[in-house]
Structures are given as C-alpha cells and as structure tokens.
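Coordinates in review
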Amino acid sequence: MKSLIAVFAILIIPGFAQSTEVAITMDDFNVHEETHLPAEKRNEAILAALKKHKIKAALFVTCKHLKSPRDEKLLAEWSNQGHLIGNHTVNHNRFDAKVSVSDEIAEIQQCDEQLKSQKNFEKIFRFPMLAEGDTAEKRDAVRDWMKKNSYRNGHVTIDASDWYVDRRLRDKLATDPDFDLSKFRDFYLEHMWDRAQYYNDLSKKVLGHEVKHTLLVHYNLVNALFLDDLIAMFKKRGWKVIDAKKAFKDPVFTKLPNSMPSGQSLIWALAKESGKLEGELRYPGENDTYEKEKMDALGL
Ligand SMILES: [Zn+2]
C-alpha cells in the first residue's frame, strides 16, 4: 500500500520523485600542500569520506603535482577505488592572452600521457580556473581539437570558493594553531549550500529544469577535514549525492555555450548566452572578494 501511495504521489505531485542530484568533482590534486595534515592523511580522509557515503567522485589532476612514486601511489588509490580520473593540464595556467591554442593543447596532451595508465582515467578535461579561452576563436579551436581527440569538457555546474576558505583556514592556523575548526566548517557548509541553491535556481530559470550537478571542490585541507560534513549536509537537506560518471551523462554537458567571457560554471555560461538573466550574473561567478568581508566579520 505504501508503495502504491508513493507511485501515486510521484505521478501527481511535481517534484516529489526528484531529489536534486549532485556529484563531487575535485580539482588540482596538490599533494605538496601539507599544512596541518600530511598528504597521506589527506588522501585517506578524503577517500574515507567518499567511501562512507558510497559515492564515486571525479578527480581532475594538475599533472605538475605528480613528482614522485609517492604522488603516483596516492593517485592510484583514487583510480583503484573507482573514482574517475580526469585531466586538468600540467601547469594550471589560465587560458588567456598569454597562452596560445597550441600551448593549451600541448598542456592537455602532456597531462594525458601522465594519466592514461590509471585504470579509471577518461578523456575528460577541466579548464584551470574554468577559463575556456580569451577569444571565441581560441575557445573554438580547442573545442575542435577536443572533439577530434574524443575529449569531453568536465564542466562545473556549481562553482564556489572553497579554495579561498581553505587559504583563510591555513592562514589562521599559522597564527593560531588551536583555533576552533568548527567555525570554519560552519562557514564552509553554508557557503557551499548558498552557491548550490544559486546555481540550481539558475538552471531552472535558464533551462526550465534542474540538471545533474557537478560541484567544484578542491583537494585541500578544508575538504580533508569537512568533505564528510559537506556530503552529509546535502543529503540531510534533501539532495541526492551521486557518482560523477552518472552526473556527466546529463545532456547538459554536451552543450557548447557561445557566451563570452568563456568559462565559469556551465549554468552561468548558458544563462549568459540566453541574454535574459544579465541582472543575476556577476563576473566572475565566484571570487575571493565576495567572501572576504563575511569571513573578516566572523574572525575567520
Ligand atoms: Zn584547478
């Protein structure tokens, strides 16, 4: 009877069946920043959080960080545990006026060489700082190369500033090693929730429906400490946390927005392209300047 009621509710109540879905996608893999927690412990903590919630993430690796057998071993743990391994260039340069199309392609190719022996590597590429080129010609030239070489764009739909919260946390610990970490956790969780709401609302306005989201987070101390809390928060507030491979199957990830400046969250770029939502689009979508005052006021 209960299941009949559930089926009935799914049929008649819009939105009843569908939880908003989000996957964890983590960038950079900087195993050489070891404040407070050494790399092995960070790796362990992040992988344990994913395992606890039975989800597979995507890890976009900046290949300059793979310097030693230890680094390779830490990466292999991700691949061997079923997480998707993607490409994030060798040197993490912003694809702007200083970087040519051939430079950008060489960066992708070199990182590809370093990653392709990983069991769960796929030809999926995320632009550093989400910058897809400073001109439409350069953007399209790399898109063309990616298409010919079976590479997909590992777009972010929910952008945020976890990297800035992380920087502030490390600065704080440098002067006050006993600072109450829960204050950073609380700020971090609310910041991520706020950004998730914004991009999810934006997707409904621009596309008329929700998408399977890819949340951008970084391989850093904040996530070594609080990724478990972050995932738990999404679940508690009614979202479903899904595998990254599943999220990337959403048709939204095949879209090629023509808006300039290129990059940002995919949802931001599509909203910009629509020309209808200018008032809701700040540029850049996310930045440290937006969070600074709030963190200052909280003494973080
Ligand atoms: Zn990055």
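What counts, and where the lines are drawn
- Residues numbered from 1 in each chain as written.
- Predicted model: local features only at pLDDT ≥ 70, side-chain atom pairs only at ≥ 80, totals over all residues.
- Heavy atoms only, no water.
- Helix = DSSP H or I, 4+ residues; strand = E, 2+ residues; numbered from the N terminus.
- Buried < 20%, exposed > 50% of the residue type's maximum accessible area, 1.4 Å probe, protein only.
- Donors = N, O, S within 2.8 Å, 3.2 Å for Na, K, Ca; no water.
- Core = buried A, V, L, I, M, F, W, Y, C linked by side-chain atoms within 4.5 Å.
- Contact = heavy atoms within 4.5 Å.
- Salt bridge = Lys/Arg side-chain N within 4 Å of Asp/Glu carboxyl O.
- Phe/Tyr/Trp six-rings, centres within 6.5 Å; stacked < 30°, edge-to-face > 60°.
- Lys NZ or Arg CZ within 6 Å of the ring centre and 35° of its normal.
- Pairing = 2+ DSSP bridges.
- Right-handed = clockwise from strand over helix to strand, strands pointing away.

As named in an unreviewed UniProt entry, the chain is Polysaccharide deacetylase, taken from Bdellovibrio bacteriovorus.

**So, unusual backbone geometry**
Following Met260, the chain continues to Pro261 via a peptide bond in cis, the omega torsion being -5°. Here Pro261 shows up in the loop between α9 (244-247) and α10 (266-274). Tyr283 connects to Pro284 through a cis peptide bond whose omega is -5°. Positive phi, normally seen in glycine, also occurs at Met129, with a value near 55°. Among the structural elements, Met129 can be located in the loop between β4 (121-125) and α5 (136-148). The class of Met129 is partly exposed, set by a relative accessible area of 38%.

**Side note on the coordination of the zinc ion**
The coordination sphere of the zinc ion, as far as protein atoms go, consists of Asp28 (OD), His88 (NE2) and His92 (NE2), spread over 2.0 to 2.1 Å. Sequence positions of the donors to the zinc ion reduce to the motif D-x59-H-x3-H. Taken together, the residues Asp28 in strand β1 (residues 21-28) and His88 in the loop between β3 (84-87) and α4 (101-115) connect sequence positions 60 residues apart. You can call His88 buried: its relative accessible area is 1%.

**Some remarks on the nonpolar core**
If you look at the biggest cluster of nonpolar residues, it comprises 87 residues, and the most contacted ones within it are Phe29, Trp78, Leu230 and Phe234. The greatest single-element share of this core, amounting to 10 residues, is contributed by helix α7 (residues 181-207). When neighbours within four sequence positions are excluded, Phe234 is seen to be in contact with Val22, Met192, Trp193, Ala196, Leu215, Trp239 and Val241.

**Examining the environment of His83**
Structurally, His83 can be placed in the loop between α3 (69-80) and β3. For His83, a relative accessible area of 2% corresponds to the buried category. It is 5.2 Å that separates the C-alpha atoms of His83 and Ala57, two residues lying 26 residues apart in sequence. Residues in contact with His83, not counting those within four places in the same chain, are Leu47, Leu50, Ile55, Lys56, Ala57, Trp78 and Asn120.

**A look at the pattern of salt bridges**
It is possible for side chains bearing opposite charge to pair when their charged atoms get close. Counting across every chain of the model gives 33 salt bridges. Linking Arg70 and Asp71 is a salt bridge whose minimum nitrogen-to-oxygen distance equals 3.0 Å. A residue is classified by how much of its surface remains accessible, and Arg70, at 24% relative accessible area, is partly exposed. The class for Asp71 is buried, based on a relative accessible area of 0%. Put simply, Asp140 and Arg139 hold a salt bridge, and the shortest N to O gap is 3.0 Å. For Asp140, a relative accessible area of 35% corresponds to the partly exposed category.

**Some details on the environment of Leu227**
Its place among the elements puts Leu227 in helix α8 (residues 221-236). Given the relative accessible area of 1%, Leu227 is considered buried. Separated by 25 residues in the primary sequence, Leu227 and Val252 have C-alpha atoms spaced 26 Å apart.

**Observations regarding the packing of aromatic side chains**
Within this structure, the stated rule accounts for 14 aromatic pairs. On the basis of an interplanar angle of 80° and a centroid distance of 6.3 Å, the ring pair of Phe60 and Phe248 is categorised as edge-to-face. Of the two residues, Phe60 sits in strand β2 (residues 58-61) while Phe248 sits in the loop between α9 and α10, which places them 188 residues apart along the sequence. Overall, the relative accessible area of 1% leaves Phe60 in the buried class. By way of ring pairs, the aromatic residues Phe29, Trp78 and Tyr219 are connected into one cluster. Taking the ring centre of Tyr290 as reference, the NZ or CZ of Arg282 above it sits at 3.6 Å.

**Some thoughts on the pairing of β4**
When β3 meets β4, the two strands line up parallel, connected through two bridges. Each residue of the ladder has a partner; that of Asn87, found in β4, is Phe125. Following the backbone out of β3, through α4 and into the adjacent parallel β4, one traces a crossover that is right-handed. Sheet analysis places β4 next to strand β5 (residues 152-153), joined by two bridges and oriented parallel. Paired with Phe125 across the bridge in β5 is Asn153.

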